[in-house]
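What the coordinates show
Here are the chains, one letter per residue:
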Amino acid sequence: MSERDNRDSPVLAIEDVTVDYRTPDREVRALDGASLSVAAGDTVGVVGESGSGKSTLGLLVGRLLPPRGQRTSGRVVVDGEQVLDLPDRDIARVRREKLGFIPQDPVGSLNPTLRVGRQLRLALPGRSASKQELVDQLERVQIDDPQRVLRLYPHEVSGGMAQRIAIAMAMARQPRILVADEPTAALDSQVREEVLRLVFGLANEAGTTVLWLSHDLNAVSRWCRRIAVMYGGRVVEDGLVGDVLERPEHRYTAALAASDPARVAAGERLAPIGGSPATRTPASVGCAFAPRCAYATAACGDVTPPTVEIGGRTVLCHHPASSDGERDLVGAGEVQS
Ligand SMILES: Nc1ncnc2c1ncn2[C@@H]1O[C@H](COP(=O)(O)OP(=O)(O)OP(=O)(O)O)[C@@H](O)[C@H]1O
């Protein structure tokens, strides 16, 4: 499927969404005109430093923002339904029938008072699954001795096993879209690899679209077809993972790739990103990365970069890499400088 098709028939469309978190002492603009369009069955890694808005974006897909988080503009369309404007009854149905979530903290996401078998049964359609169906679900996520595990309480299972149970629950109804929020961060490298193989394997079998929110560029480059790089509450670059990481257009993408130990060749110097990640407020203007960007000009601090299309990807930057003569500009739209 071409990138053009992607935008024409998305199963998920996040369109120019703004979300503010209001606390008594401050107001944070967590999403600042974020847009992302994802085709059915695609796998998209959403990356960016802490605070860039990844979790907020993932929560928004299921309209699961905490009470202090308010969307002030934009829309989110899941499989043809505008989730931010649906009545409560319908959003519950969309979550149940179309969405699956794998949380950051699998143990914390399980109900401590219910045995694993009971929780799994509640996650399945009809809620009257047979014991054998429950066993099958645990075998699909490669849990040994599933009969025994069904009788356990969450505090009796390890972190790795809780993660597999959470995956089984999220995939039980073969959702249209799976949102996984950094589900492997707390796992050691071998278990992490097993979990990645499991999630992407199950999603592929079910035709489920994956939104993989992550700090792990290496995992994203191996398991996702596309990458969406977030900074300051916006998707600043979005395209095929190999293209974006090998030939970044946005200066932030380039900095992120150069600061990732797994992507720097042996003997090459790691280049940490100078300065601190941006925290936006409703009063913020211009490009959020400008204060840390070696290429920034006065316009960058004042004017929000327009979305330009460069070689099949979208980029929000006044001075993308291909505009400085390093490479030819392929299919670019208007690039301001
Ligand atoms: N419940 C909340 N209350 C107040 N501010 C919040 C809340 N959740 C997130 N924020 C703020 O919104 C911004 C975006 O946070 P978000 O968690 O979406 O980013 P993230 O990229 O997922 O970060 P991480 O990788 O650390 O999970 C940050 O400035 C964060 O401090």
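Preceding this paragraph is the structure being described.
Just so you know, these numbers come straight off a predicted model, no measurement behind them.

Moving on, we get to the packing of helix α5 (residues 116–123) against helix α6 (residues 131–140). In contact at an axis separation of 10 Å, α5 and α6 are set at 95° when each is read in the N-to-C sense. Compared by their axis directions, α5 and α6 come out roughly perpendicular. For the pair α5 and α6, the contacting residues are Gly117, Leu120 and Arg121 in the first and Lys131, Leu134, Gln137 and Leu138 in the second. Tallied by class, the residues present in the contact of α5 with α6 amount to 3 nonpolar, 2 polar and 2 charged.

Here we come to the pattern of salt bridges. Tallying each qualifying case throughout the model produces 22 salt bridges. Arg22 is paired through a salt bridge with Glu27; the nearest N and O atoms lie 2.5 Å apart. Owing to a relative accessible area of 41%, Arg22 belongs among the partly exposed residues under this scheme. Relative accessible area serves as the criterion here: at 31%, Glu27 is assigned to the partly exposed category. Residue Glu81 is joined to Lys98 by a salt bridge in which the shortest nitrogen-to-oxygen separation is 2.9 Å. One end of the pair, Glu81, is in strand β5 (residues 81–82); the other, Lys98, is in helix α3 (residues 88–98), and 17 residues separate them in sequence. In this structure Lys98 comes out as buried when scored by relative accessible area, which is 13%.

As summarised here, the arrangement of the 8 strands in space is β6-β7-β8-β3-β9-β10-β12-β11, forming an open sheet in which the pairing is mixed. Whereas interior strands pair on both sides, the edge strands pair on one side only; in this sheet they are β6 (99–102) and β11 (307–310). With direction set aside, neighbouring strand axes in the sheet form an average angle of 20°. Of the strand pairs in this sheet, β11 and strand β12 (residues 313–316) are connected by 4 bridges, and their pairing is antiparallel.

What counts, and at which threshold
- Residues numbered from 1 in each chain as written.
- Predicted model: local features only at pLDDT ≥ 70, side-chain atom pairs only at ≥ 80, totals over all residues.
- Heavy atoms only, no water.
- Axes fitted to C-alpha atoms, helices over the stretch in contact; angles between N-to-C directions.
- Helix = DSSP H or I, 4+ residues; strand = E, 2+ residues; numbered from the N terminus.
- Parallel < 35°, antiparallel > 145°, perpendicular 65-115°, else oblique.
- Contact = heavy atoms within 4.5 Å.
- Nonpolar A, V, L, I, M, F, W, Y, C, P; charged D, E, K, R; others polar.
- Salt bridge = Lys/Arg side-chain N within 4 Å of Asp/Glu carboxyl O.
- Buried < 20%, exposed > 50% of the residue type's maximum accessible area, 1.4 Å probe, protein only.
- Pairing = 2+ DSSP bridges.

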